[in-house]
Amino acid sequence: EADIYQTPRYLVIGTGKKITLECSQTMGHDKMYWYQQDPGMELHLIHYSYGVNSTEKGDLSSESTVSRIRTEHFPLTLESARPSHTSQYLCASSRDTNTEAFFGQGTRLTVV
Amino acid sequence: GESVGLHLPTLSVQEGDNSIINCAYSNSASDYFIWYKQESGKGPQFIIDIRSNMDKRQGQRVTVLLNKTVKHLSLQIAATQPGDSAVYFCAEKKAGTALIFGKGTTLSVSS
């Protein structure tokens, strides 16, 4: 069982609200990632971090932002949620870039 | 066993059959590949990985085959069980980058 946790599991929020999706891991992994996944579709990389104070944008353009102030914590923030942000957001971490990534359970976000 | 051509979105098999799920990857510079299983409402779960210096790797009831010539990856599941029903994703990684996922294949196992 992977020690990576995401909160909340489900979130329904109104348009224009600011939200932060939390992701924490207790494995001491330097590498952390955020993926976005629509139902029945593949995962798209939106952000990644190779260590504290390091963040990069992924292949899929996203209006979200991330921060990495502590090794174990990699929160994702949407300043102004829109219905187009409705999706599942999955956080992952890995020890190295060429080892398996462990995934959290995901946050299913609905913006109304 | 049942097999599919290059990425079919669904695969239906009988319990006890062997399943083969195929994946075409995009980047010839990719040097690490993983298969993940994702059950409904859960995050992806690691099944097996393979590095580009290998062409076959076996795990418990699963085998991954890598053909770099045609950029093709396959996952073979022996004696498929109802608990194997899930969506399966392949993912590739080029050195220094993050995992890039392919389209999933939904495996349905009937008893």
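You'll find the structure just up there.
What you see is a predicted model; the values in this text were computed from it and never measured.

Take the overall build of chain B next. The helix and strand inventory of chain B stands at zero helices and eleven strands. Counting from the amino terminus, chain B carries its helices and strands in the arrangement β-β-β-β-β-β-β-β-β-β-β. For a compact globule of 111 residues, the expected C-alpha radius of gyration is about 13 Å, and chain B comes in at 13 Å, within 12% of that figure. By its C-alpha atoms, chain B is 40 × 30 × 25 Å across when sized along the principal axes. A burial count over chain B gives 42% of its 111 residues as buried. Put simply, chain B shows about 5300 Å² of open surface, and 46% of that area lies on carbon and sulfur atoms. Within chain B, the 9 negative side-chain charges are centred at a point lying 8 Å from the centre of the 11 positive side-chain charges.

The subject of this paragraph is the environment of Glu72(A). Residues and elements named next belong to chain A. Inspection of the secondary structure assignment puts Glu 72 in the loop between β7 (65–66) and β8 (76–78). Its relative accessible area of 34% is what places Glu 72 among the partly exposed residues. A sequence separation of 39 residues divides Glu 72 from Val 111, and the C-alpha atoms of the two residues are 28 Å apart. Those residues in contact with Glu 72 that sit more than four places away from it in its chain are Cys 23, Ser 24, Gln 25 and Met 32.

The rules behind each value
- Counting starts from 1 at the beginning of each chain's written sequence and moves along it residue by residue.
- Written order determines the labels here, with chains lettered from A and ligands numbered from 1.
- Under the rules for a predicted model, residues below a pLDDT of 70 receive no local features and side-chain atom pairs below 80 are neither given nor counted, while totals for whole chains, interfaces and linings still include all residues.
- To get the side-chain values, all heavy atoms of the structure are used, and hydrogens and water are removed first.
- In this description a helix means any DSSP run of H or I spanning at least four residues, a strand means any run of E spanning at least two, and both kinds are numbered starting from the N terminus.
- Our radius of gyration looks at C-alpha atoms and nothing else; its globule reference is 2.2 Å times the residue count to the power 0.38.
- Throughout, exposure labels follow a simple rule: accessible area from a 1.4 Å probe, protein chains only, divided by the maximum for the residue type, with under 20% read as buried, over 50% as exposed, and the rest as partly exposed.
- Each accessible area is a Shrake-Rupley result for a 1.4 Å probe, and residues are judged covered by the shown protein chains and nothing else.
- Lys and Arg are tallied as positive, Asp and Glu as negative. Neither His nor the chain termini are counted.
- Just so you know, the charge point we use is NZ for Lys, CZ for Arg, CG for Asp and CD for Glu.
- Only heavy atoms enter the contact rule, under which two residues are in contact if any of them lie within 4.5 Å.

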